[in-house]
Amino acid sequence: MVEEKRRFSIANLFRRTTPRPADRKVFNPGIQEKDNSYMLTAPIIYHIANQSIIVRTCVTQLKNEIFRRGYIWEEKFVAKCDDCCKEHKTPTLECVDCGSTNLSKPNRDQLKYALSFMEGYVNKSEQLFIDVLKELEDDLNIMDDGYLVLVKEYFLDNDSEIMMHRIKEIYRGDPVGMHIYADELGERGTEGFTCLRHRDFISDTPVASCPNCGATELYPIHYVNRVNGEEQYFLEGEVLHFSKYTPSRLYGLSPLITLWNSVTTLIAMDNYINSSYTKARMPRGLLAVQTRNIESMKSFWKGVKEKMEQDPHFIPVMGIESEGGKGSIEWIKFMDSLKEMDYVSVKDDLRDRVSGFYGVSKIFMADNSSSGGLNNEGMQILVTNRAVEMAQTIWNNYVFPFVTKEFGITDWVLKLPPSEEEDEVAKLRKRELEVNIAASIKNLGFEIDMDDEGRFSYSKPEPKPEQESAGGNQEEKVELDPYAGTNIDASQLGQMQEEMMNQGKKQENPATTRNKPSMDSGPDKRFSGLPEAAGNQNVDKRTERRVG
Ligand SMILES: [Zn+2]
Ligand SMILES: [Zn+2]
């Protein structure tokens, strides 16, 4: 068999790809339903979440903390090379990749439309942008599915080709109605196509024409909203679906499904307390007495029922004369006391599980469980920084890049600032360090420039041609500073030496200048003489200060 000799060239190689793994949860191409194997549909989950005190508290506190400081626009880069498009995060005078000096700053004009759009209401329901974000955050914490819908205005040419678009409104899509339109691999935009002018038309092939207008340019459907028996089709770039806890190729998994037992038990406990205080459907107990006259017993019981309607806490007592004082008397209890049921500790445990999932910790103010246990009102909820950080990452990495891209913004990023404000002192200290570093770099012979934001940029000066000046050569010689690049100022060296001499001995653990990180890693000097285990060795030396 003669093998065909092929000359190696990228053009005559066969191209094959690895098979894409099919998704077991994707049943048939088209509208994908959410997994309902737990028999819990979206409306039920929302209902339970809104009914549960602890879920609602956690979700609300989390939301308030995440968006506490609003959103900000930040420069995506400091300088961008016009020749090779390299984006520089630090100030520079020439491109580090190609050496070009054609550098440009972020274009402020890009922000014009987005800024004026987000300043006012972003939709006809008079919601602010932050309101829509808050709604979506709730959806994530309840359903683990969020849908951001951008209502666009398209500018079409005669062939229905999109020439440009403009975002007119922003809405939250309801996770109950919104569905992903995908094929068996979970890939969107391959199964259904619609006409931009007639969105109610759907075709299963892109090579078809709209029966209403005859347009042959059909657009792939990525999402569908099924509400009131109708279907609304959405194209790519109009809807963003995102999940927080369990991102997958299709939908997320609602935390409420996992927390179901804890949450519904808590609701039942509250209902139990409620009904035992308001209705008291059952007497708390009764006194049973042996009797020979059952008829009088019946009429007695009827009287008890009437009394119960007026006073739920009424305890029926009945006395019957018996011959010779025989017969026993018994207390039969119907309802266990709250204490006996471990009501408080069970409730605490369930609440801890729910709040633990959301990264929220609760602190009881004036907790006094021993005296009945129902008086720990004023529960204070603390949202952990980690939970806020995790949630903000979703917004900063998934949602905002989509929004800025659709607004056509490339030079700026939309961001949620950390909820903890930066310490002013820490900020100044950082600035002090920056200045120190700049001074050191200047000592190494670089030239330093500062831009309008206070950032330093460094450049190497052109080597000066050897001066042929007559005389004075010796004095013009650059004085080499052996301490260049260190934090020791040569002019104070004498003084330092003198101090050292006066002390007579070398100072143990010498003081370093304020901001120089001390890198010694020996045992902590404060605990010398004590056994090593007695001292807290977990000390960050950089934050340590010498006193006295
Ligand atoms: Zn460049
Ligand atoms: Zn049409």
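Residues numbered from 1 in each chain as written. Chains lettered and ligands numbered in written order. Predicted model: local features only at pLDDT ≥ 70, side-chain atom pairs only at ≥ 80, totals over all residues.

**Student:** In this structure, what is going on with the overall build of the protein? I would like to understand it.
**Tutor:** A tally of helices and strands in the protein yields twelve helices and 19 strands. When the 548 residues of the protein are sorted by exposure, 17% land in the buried category. Long-range contacts, defined as pairs at least 24 residues apart, comprise 60% of the intrachain contacts of the protein with a sequence gap of at least 6. (Helix = DSSP H or I, 4+ residues; strand = E, 2+ residues; numbered from the N terminus. Buried ≥ 20, exposed ≤ 12 C-beta atoms within 10 Å, placed from the backbone. Contact = placed C-beta atoms within 7 Å.)

**Student:** In this structure, what is going on with the nonpolar core? I would like to understand it.
**Tutor:** Among soluble globular proteins, nonpolar side chains are generally buried collectively. Val55, Cys58, Leu62, Leu148, Tyr223, Val239 and Ala387 are the most contacted members of the largest nonpolar core, which totals 55 residues. By residue number, the principal contributor to this core is helix H2 (residues 53–66), which donates six residues. Once residues within four sequence positions are removed from consideration, Ala387 is found in contact with Leu62, Tyr358, Gly359 and Val360. Core analysis: the second largest hydrophobic core is formed by six residues, Ala114, Val403, Phe407 and Trp412 among them. (Core = buried A, V, L, I, M, F, W, Y, C linked by C-beta atoms within 7 Å.)

**Student:** Could you clarify how one ought to interpret the sheet that holds strand S3 (residues 79–81) in this entry?
**Tutor:** Strands pair in a sheet through their backbones, by hydrogen bonds, and they do so in one of two ways: parallel or antiparallel. Pairing within the open sheet is antiparallel, and its three strands lie in the order S4-S3-S5. Strands at the two margins of the open sheet, each flanked by one partner only, are strand S4 (87–88) and strand S5 (103–104). (Pairing = 2+ DSSP bridges.)

**Student:** Help me out: how do you make sense of the pairing of strand S11 (residues 230–235) in this one?
**Tutor:** When a strand is regular, its side chains alternate between the sheet's two faces. In the sheet, strand S10 (residues 219–227) pairs with S11 via six bridges, with the strands oriented antiparallel. Considered in S11, the bridge of Arg226 is made with Glu231. In this structure, the hairpin formed by S10 and S11 is closed by a connection of two residues, where Asn228 is found at a positive phi of approximately 55°.

**Student:** I would appreciate a short explanation of the confidence of the model for the protein in the present structure.
**Tutor:** The predicted coordinates of low-pLDDT regions are not to be read in fine detail. Looking at the protein as a whole, the pLDDT averages 79, with 71% of positions reaching at least 70. pLDDT under 50 marks residues 364–378. Its contacts with residues more than four places away, or in other chains, come to 13 contacts. (pLDDT = per-residue confidence, 0-100.)

**Student:** Would you take a moment to explain the packing of helix H6 (residues 260–278) against helix H8 (residues 343–358) for this structure?
**Tutor:** Two packed helices can be described by the angle between their axes and the distance between those axes. It is at 9 Å that the axes of H6 and H8 come closest, and there the two elements cross at 140°. As far as their axial angle goes, H8 and H6 are oblique. In this structure, H6 meets H8 at a crossing whose hand is left-handed. Seen from H6, the contacting residues are Ser262, Val263, Thr265, Leu266 and Met269; seen from H8, they are Lys347, Leu350, Arg351, Arg353 and Val354. Each residue belonging to the contact of H6 with H8 can be placed in one class, and the counts come to five nonpolar, two polar and three charged. (Axes fitted to C-alpha atoms, helices over the stretch in contact; angles between N-to-C directions. Parallel < 35°, antiparallel > 145°, perpendicular 65-115°, else oblique. Left-handed = near helix turned anticlockwise from the far one by under 90°. Nonpolar A, V, L, I, M, F, W, Y, C, P; charged D, E, K, R; others polar.)

**Student:** How do you make sense of helix H7 (residues 294–310) when you look at a structure like this?
**Tutor:** Helical geometry: 3.6 residues make up each α-helical turn, so side chains three or four residues apart lie on a common side. With 17 residues, H7 should cover 24 Å at 1.5 Å per step; its first-to-last C-alpha distance of 25 Å lies within 8% of that length. For H7, the buried fraction is low: zero of the 17 residues fall into the buried class. (Expected span 1.5 Å × (residues − 1).)

**Student:** In this structure, what is going on with the sheet that holds strand S12 (residues 239–242)? I would like to understand it.
**Tutor:** Overall, antiparallel pairing links the three strands, which are arranged S7-S6-S12 in an open sheet. Since the sheet does not close on itself, it has two edges, and those belong to strand S7 (162–173) and S12, each with one partner. Strand-to-strand, the axes of this sheet are offset by a mean angle of 25°, without reference to chain direction. Bridge count between strand S6 (residues 146–156) and S7: ten bridges; the pairing is antiparallel. Bridge pairing links Leu156 to Ile162 in S7. Across the sheet, helix H4 (residues 129–142) touches S6 and S7, and the angle it forms with S7 is around 65°. Here helix H9 (residues 385–406) sits on the sheet in contact with S6, S7 and S12, set at roughly 170° to S12.

**Student:** Would you mind showing me how to read the packing of H2 against H9 here?
**Tutor:** Two elements in contact, H2 and H9, have axes whose closest approach is 10 Å; the angle formed by their N-to-C orientations is 70°. As far as their axial angle goes, H9 and H2 are roughly perpendicular. Crossing geometry of H2 relative to H9 is assigned as right-handed. Across the interface between the two elements, Leu62, Glu65 and Ile66 from H2 touch Ala387, Val388, Ala391 and Gln392 from H9.

**Student:** Is there a simple way to explain the pairing of strand S8 (residues 178–182) in this structure?
**Tutor:** Most of S8 is tucked away: five of the five residues are buried. Where strand S1 (residues 30–32) lies against S8, three bridges are found, and the strand directions are antiparallel. Note on S8: the bridge partner recorded for Gln32 is Ile180. Looking at chain direction, S8 and S10 are connected through three bridges and run antiparallel. Of the residues in S10, the one forming a bridge with Ile180 is Tyr223.

**Student:** Whenever I open this one, unusual backbone geometry confuses me. Can you help?
**Tutor:** Most peptide bonds take the trans configuration, and most residues that are not glycine carry a negative phi. Although it is not a glycine, Glu126 adopts a positive phi angle of roughly 55°. Among the structural elements, Glu126 can be located in the loop between helix H3 (111–119) and H4. Judged by C-beta crowding, with 9 C-beta atoms within 10 Å, Glu126 ranks as exposed. Unusually for a residue other than glycine, Asp144 sits at a positive phi of about 65°. For Asp144, the location among the structural elements is in the loop between H4 and S6. Note on Asp144: 23 C-beta atoms within 10 Å, which makes it buried.

**Student:** When you look at the environment of Tyr171 in this model, what are you seeing that I'm missing?
**Tutor:** Take Tyr171: it is sitting in strand S7. Among the residues examined, Tyr171 registers 19 C-beta atoms within 10 Å and is labelled partly exposed. In this structure, the C-alpha to C-alpha distance between Tyr171 and Leu148, residues 23 residues apart in sequence, is 6.2 Å. In this structure Tyr171 touches Asn123, Val132, Val149 and Val151, once residues within four positions along its chain are discounted.

**Student:** Just checking my understanding: could you explain the environment of Glu453 for this structure?
**Tutor:** Locating Glu453 in the fold gives a position in the loop between strand S18 (447–450) and strand S19 (456–459). A count of 8 C-beta atoms within 10 Å places Glu453 in the exposed class. For the pair Glu453 and Val78, spaced 375 residues apart in sequence, the C-alpha to C-alpha distance is 10.0 Å.

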